[in-house]
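Summary of the model geometry
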Amino acid sequence: MVTTRSATRVVRNGSPRAMVSNPRRLVPQASTSDEDSEDPDIAPRHVKKRSRKGVGHRTKTKLKRRGRLDLMPTMNLDILFHILSFLLPMDLLNLCRTSKDFRNLLLQRSSASAWKTARLQVDDLPDCPQDMSEPQYANLVFYHHCHVRRALSKMPPLFLTNVYCRIATELSDLFYGHFGHDTVPDALVKSWSYWFRLVNPFVYATHSTLDQWGVRSRIPWTATFNSYDIPHVTIYGTGRPKQLFLRKEVDELLAELSTTPADEIAAFLSNKRKHADDVMKHAEKCQRWSQSVANSRKDELNAIRRGRQDDIVTRLTEAGYKPELDYMGRFWLQDHLRTSFKEPKPLNQKSWDRMRPGLITALDNVRVRRIEVQVYGPRRQILMDEYKKYLQHPPPPGAAFDMMPHAADVAEFDPFKVLIMSPESATITATSFTPAFQQLPEFVSSWRAKIDHEFLDLVCCPENEDDSEKQEDVNYLQLATAVFVVESGSDRRLLMYPEVLSWPGFFAPPSTILDDEIYLLQVQHFGCRMWSAVRHNPRISIFEGTAAIIQAASLNPKTTRREDMDELDARFACGKCSTPGRTVVMTWDMAVMHSYRLHRDLQPEEIQWAMIDGDELENVKDFEKEAKPPMKADAIVYCALCQHHVRDAMSLPFIQNHLAEIHGIPLDKAELGAHYIPDRNSTSVISMVVDSDGKVSNHTDHRLVPSYSSGIEILYWKSHLV
């Protein structure tokens, strides 16, 4: 491309010497021979700038390379015009503006054929209007410059990049055009109607335009000549449409109209109408061509983008990431790579090397997440289904446990974990877990020992007991005194062992979002987390009131187990609630809850528990068999036919449906104790009153309120959850 530098020589035929851009320098005419081109007098002189550095510092002078295309105007015209026949209109415009010689040569009438040849190389471009020359038309279509308003250069950048104008002399000043590339045109040629839809209303509220009302006040419309016979643009916005006209053309029309004789006005207006019609039709052709060029360029860029995207996907597929791409989709790539993914450039090795490291790292993380969801997730679901079936049957001989783990903990046992984490190509079915279930009792024993030690580490013993002995002897948990008060924040509960292991804080899902996404996926699969005693760090203490009840049965609290108290099947009278002639009695576990819920602020010796016997005991047991308290729908129970496990306590309707579907027990045949067992940590205290004559009745002297977690009535005082 020809450059215009201050030192570029301009050589004209027939002049012995030529003046360059600097009028104070003259250089001799350059010869076309190789020998003359090396003459030092012809070569450009370089002025050495004064160094700003200290003396003694040598500066390296870099010579600039000068172009030799300035001799092209002197070559044979047939050869020159043959070369120009391969150029596009924008190329001729750039060449015309490189030097005065090219400008004089290309703007001559004899050079119109070169402009026409260049214009014909642009597909479907409308012909040049009759009132414009070929260079004017090329400048109008391919150069981004407004020929109407200088104020357009002051518009915001948004308009400078999207608004293009078209101007010709006289009444053909109708549409605007712009090309933003030096080779194939890809911008739009805009008619006035399209131009005014792009810009803000302030643009046409200037001195350059008039609306139809301003024109109507200045031009007397006739039946044969109206506003549609003048080149105009119709603006559609709020309100009714508005026609705009160039003020310059209106003024010229008025001037010509004022000097036209009356007998020639009809012919004058007819010519103007015909000229305006030709201009409007030409503008419509240019707009259609503009739209086709824009669509063609858009399709071309989209094809380049698709090729780039397909190339990225192909390279990632070859690297072994096709499953990850299918899992996430192309939108993930677009979001991750952003502009690099949609850039309209073919993918080269340099660009690929730049984006590859971060992309591979991200896809590795996607692979871990995909395997967790698509591979490990279905296998965990198979384990959960098989584990439910395992719990629905009686335990194997010698493998009975008072509390089985949740499926989330079972999945961490080695035989099950190996199957779940096996390679993706391995096929895992329900039968694959059969050998692992045969080893389950052994792992349950180790799991129970582990969580028992973790639980004991949290227990705070009374001051009169040795905490070290309690932590070393896990058998302490089998004692009847293994009743604990669990406090975490505002939640406070009385829980017996082993039901205390089901306290929600030990396995509940997190209330806040964790950073480990893979761990959260595992929690979603099971609905809870693995059992952990240190997650919420609750405060656990031993309830001292239990020892007084055991001592009332003349047993040693340090050696009496829960089984011993169940076999004793005794009934205890509360000395605090009993009155002369009326004794409030209950079972030992209900006595423990009664002591905590109603008398926990008292010292154990103040309650004065007493065990009843003889006919009074027989009357109470007979009454319990005949008058069982009804269970309400919100009662919390668990299935007596399944193995007791973590989180198996549900509402009564759910367990009844479970009994009907799994065990075949009809809804009306399900019985308390035989088919479902109330969760004693959530039931209300059941107490009875024995009168002096031995008559037994429910204890209803106090106001009764429903329990928070069951439908059985409890004495109104303090809730067991408080």
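Here, every reference points to the structure presented above.
So, a few notes on the structure that sits alongside this text. (Residues numbered from 1 in each chain as written. Predicted model: local features only at pLDDT ≥ 70, side-chain atom pairs only at ≥ 80, totals over all residues. Heavy atoms only, no water.)

A closer look at the overall build of the chain
Under the convention used in this document: Think of it this way: any DSSP run of H or I at least four residues long counts as a helix, any run of E at least two long counts as a strand, and we number them from the N terminus. For each residue, the accessible area found with a 1.4 Å probe, counting protein chains only, is set against the maximum for its type, and the residue is called buried under 20%, exposed over 50%, and partly exposed in between. Whether two residues touch is decided by their heavy atoms; if any such pair falls within 4.5 Å, the residues are in contact. Here the accessible surface of atoms and residues is derived via Shrake-Rupley with a 1.4 Å probe, and residues count as covered only by protein chains that are part of the display.
A tally of helices and strands in the chain yields 28 helices and 21 strands. Considering the chain as a whole, with its 722 residues, one finds that 43% of them fall into the buried category. A fraction of 63% describes how many contacts in the chain between residues 6 or more apart in sequence connect residues 24 or more apart. A total accessible area of about 40700 Å² is found for the chain, and carbon and sulfur atoms account for 52% of it.

Some points on the side chain of Arg600
To keep it simple, the criterion reads: Charge assignment: positive for Lys and Arg, negative for Asp and Glu; neither His nor the chain ends contribute. Here, a salt bridge means any Lys or Arg side-chain nitrogen found within 4 Å of an Asp or Glu carboxyl oxygen. A 3.5 Å cut-off defines polar contacts: any pair of N or O atoms within that distance qualifies, except that in protein one atom must be a possible hydrogen donor and the other a possible acceptor, and neighbouring residues in sequence count only when both atoms are side-chain atoms.
Topologically, Arg600 is positioned in the loop between α25 (588-599) and α26 (604-607). No salt bridge is formed by the buried Arg600; its nearest oppositely charged neighbour, Asp601, is found at 4.6 Å. A polar side-chain atom of Arg600 sits 3.2 Å from a polar atom in the side chain of Tyr596.

Description of the environment of Asp353
Looking at the secondary structure, you find Asp353 in helix α16 (residues 349-391). A distance of 2.8 Å separates the side chain of Asp353 from the side chain of Gln349, its partner in a polar contact.

Notes on a nonpolar patch on the surface
So the rule is basically this: Within the patch definition used here, like charges are joined within 9 Å and nonpolar side chains (Val, Leu, Ile, Met, Phe, Trp, Tyr) within 5 Å, considering only residues with over 30% relative accessible area and no salt bridge.
Side chains of Leu555, Leu568 and Met611 sit close together on the surface and give an oily, nonpolar patch of about 210 Å² of accessible area. When you line up the elements, Leu568 lands in helix α24 (residues 562-568). Under the relative-accessibility criterion, Leu568 is labelled partly exposed at 37%.

Details of the side chain of Lys621
When you line up the elements, Lys621 lands in helix α27 (residues 614-626). Since its relative accessible area comes to 19%, Lys621 is described here as buried. Residues within four places of Lys621 in sequence aside, it is in contact with Asp569 and Arg571.

Some remarks on the pairing of strand β15 (residues 636-639)
Filter applied, for reference: Strands are treated as partners if at least two bridges between them are detected by DSSP.
In the sheet, β15 pairs with strand β16 (residues 650-651) via 2 bridges, with the strands oriented antiparallel. Note that in β16 the partner of Val637 across the bridge is Met650. Bridging between β15 and strand β17 (residues 676-678) involves 3 bridges; their strand directions are antiparallel. Residue Tyr638 lies in a different strand from β17, and its bridge partner there is Ile677.

As for the state of the cysteines
For the record, the criterion: Cysteine sulfur atoms that come within 2.5 Å of each other are treated as a disulfide pair.
According to the stated counting rule, one finds 0 disulfides in the structure shown. Here Cys642 stays unpaired: no disulfide links it, and the sulfur of Cys639, its closest cysteine neighbor, is 3.8 Å away.

Side note on the sheet that holds β17
Where strands meet in a sheet, backbone hydrogen bonds hold them as pairs that are either parallel or antiparallel. One open sheet holds the 3 strands; their spatial order is β16-β15-β17, and the pairing between them is antiparallel. In the strand order of this sheet, the two ends are held by β16 and β17, each with one partner.

Section: a negative patch on the surface
What counts, and what does not: A charged residue contributes its charge at one atom only: NZ of Lys, CZ of Arg, CG of Asp or CD of Glu.
The grouping of Asp615, Glu618, Asp622 and Glu626 at the surface amounts to a negative patch. Mapping Glu618 onto the fold places it in helix α27.

What to know about the sheet that holds strand β12 (residues 571-573)
In plain terms, the rule: For helices, the fitted axis covers only the stretch in contact; all axes are lines through C-alpha atoms, and the angles between them, taken along N-to-C directions, range from 0 to 180 degrees.
Taken together, the 5 strands give an open sheet; going across it, the order is β14-β12-β13-β18-β19, and neighbouring strands pair in antiparallel fashion. Edge positions in the sheet fall to β14 (610-612) and β19 (696-698), since each of these pairs with one other strand and no more. Going from strand to strand, the sheet's axes swing by 40° on average, the running direction of each strand aside. Note: strand β13 (residues 582-587) against strand β18 (residues 688-691), 4 bridges, orientation antiparallel. Residue Arg582 lies in a different strand from β18, and its bridge partner there is Asp691.

A look at the packing of aromatic side chains
How we decide: Each aromatic pair joins two rings of Phe, Tyr and Trp (for Trp, the six-membered one) with centres within 6.5 Å, and gets the label stacked for planes under 30 degrees apart, edge-to-face for over 60, and tilted for any other angle. Counted as over-ring charges are cases with an Arg CZ or a Lys NZ within 6 Å of the ring centre that also lie within 35 degrees of the ring normal.
Scanning all chains against the criterion turns up 10 aromatic pairs. Consider the rings of Phe416 and Phe433, whose centres lie 6.2 Å apart with planes at 20°: the pair is stacked. Here Phe416 is found in helix α18 (residues 414-420), whereas its partner Phe433 is found in the loop between α18 and α19 (434-438), with 17 residues between them in sequence. Given a relative accessible area of 0%, Phe416 falls into the buried group. Relative accessible area serves as the criterion here: at 0%, Phe433 is assigned to the buried category. Ring centres 4.6 Å apart and planes at 40° place the aromatic pair Phe506 and Trp531 in the tilted group. Note that Phe506 is positioned in the loop between β10 (491-496) and α22 (517-526) and Trp531 in the loop between α22 and β11 (539-542), a separation of 25 residues in sequence. With respect to burial, Phe506 and Trp531 carry one shared label: buried. Seen from the ring of Tyr143, Arg97 lies directly overhead, with NZ or CZ sitting 4.2 Å from the centre. Looking at Arg600, its charged tip hangs above the ring of Tyr596, at a distance of 4.6 Å from the centre.

Quick look at the packing of helix α12 (residues 265-318) against helix α14 (residues 330-337)
Put simply, the rule is: Roughly parallel refers to an angle under 35 degrees, roughly antiparallel to one over 145, roughly perpendicular to one between 65 and 115, and oblique to any angle outside these ranges. Note that Gly is not counted as nonpolar here; it falls among the polar residues with everything else outside the nonpolar set of Ala, Val, Leu, Ile, Met, Phe, Trp, Tyr, Cys and Pro and the charged set of Asp, Glu, Lys and Arg.
α14 packs onto α12 with a crossing angle of 105° between their chain directions and a minimal axis gap of 12 Å. Compared by their axis directions, α12 and α14 come out roughly perpendicular. Residue-level contacts link Gln309, Asp310, Ile312, Val313 and Leu316 of α12 to Arg330, Leu333 and Leu337 of α14. Of the residues that constitute the contact of α12 with α14, the class distribution is 5 nonpolar, 1 polar and 2 charged.

With respect to the pairing of strand β9 (residues 483-488)
Sheet topology places β9 next to β10; 6 bridges connect them, and they run antiparallel. Across the sheet, the residue bridging to Glu487 is Arg492, located in β10. Linking β9 to β10, which pair antiparallel, is a turn of 2 residues; within it Gly489 sits at a positive phi near 70°. Strand direction decides the pairing type here: β9 and β11, joined by 4 bridges, are antiparallel.

Things to note about the nonpolar core
Put simply, the rule is: Remark: nonpolar core denotes a set of buried residues (Ala, Val, Leu, Ile, Met, Phe, Trp, Tyr, Cys) joined through side-chain atoms within 4.5 Å.
By size, the foremost hydrophobic cluster in this structure holds 51 residues, and its most contacted members are Tyr387, Phe416, Leu440, Phe455, Phe484, Phe506 and Trp531. Of all the secondary structure elements, the ones that give two or more residues to this core are α16, α17 (407-410), α18, α19, α20 (440-458), β9 and β11. Once you skip the residues sitting within four places of it in the chain, Leu440 turns out to touch Tyr387, Tyr390, Met404, Val410, Phe413 and Phe416. In terms of nonpolar packing, the next biggest core, distinct from the first, is built from 27 residues, Met565, Val584, Val592 and Trp609 among them.

Observations concerning α14
To keep it simple, the criterion reads: Taking the helix axis as origin, the arc is that swept by the directions to the C-beta atoms.
Looking at α14, one finds that the buried residues are Trp332, Leu333 and Leu337. Across the axial projection of α14, the buried residues extend over an arc of 115°, all falling on one side. Every exposed residue of α14 that faces more than 90 degrees away from the buried side is listed here: Phe331 and Asp335. Considering only its buried residues, α14 is in contact with α12, α13 (322-328), α15 (339-342) and α16.

Looking at the pattern of salt bridges
Within the structure shown, the criterion is met by 26 salt bridges. The closest approach of N and O atoms between Glu300 and Arg297, which form a salt bridge, is 3.2 Å. Of this pair, Glu300 and Arg297 both sit in helix α12, 3 residues apart, which is roughly one turn of that helix. Using a relative accessible area of 22% as the deciding quantity, one classes Arg297 as partly exposed. As a salt-bridge pair, Glu372 and Arg380 come within 2.4 Å of each other at their nearest N and O atoms. Residue Arg380 is classed as buried on the basis of its relative accessible area, which comes to 3%.

Without other data, these values stay purely geometric and don't point to any function.
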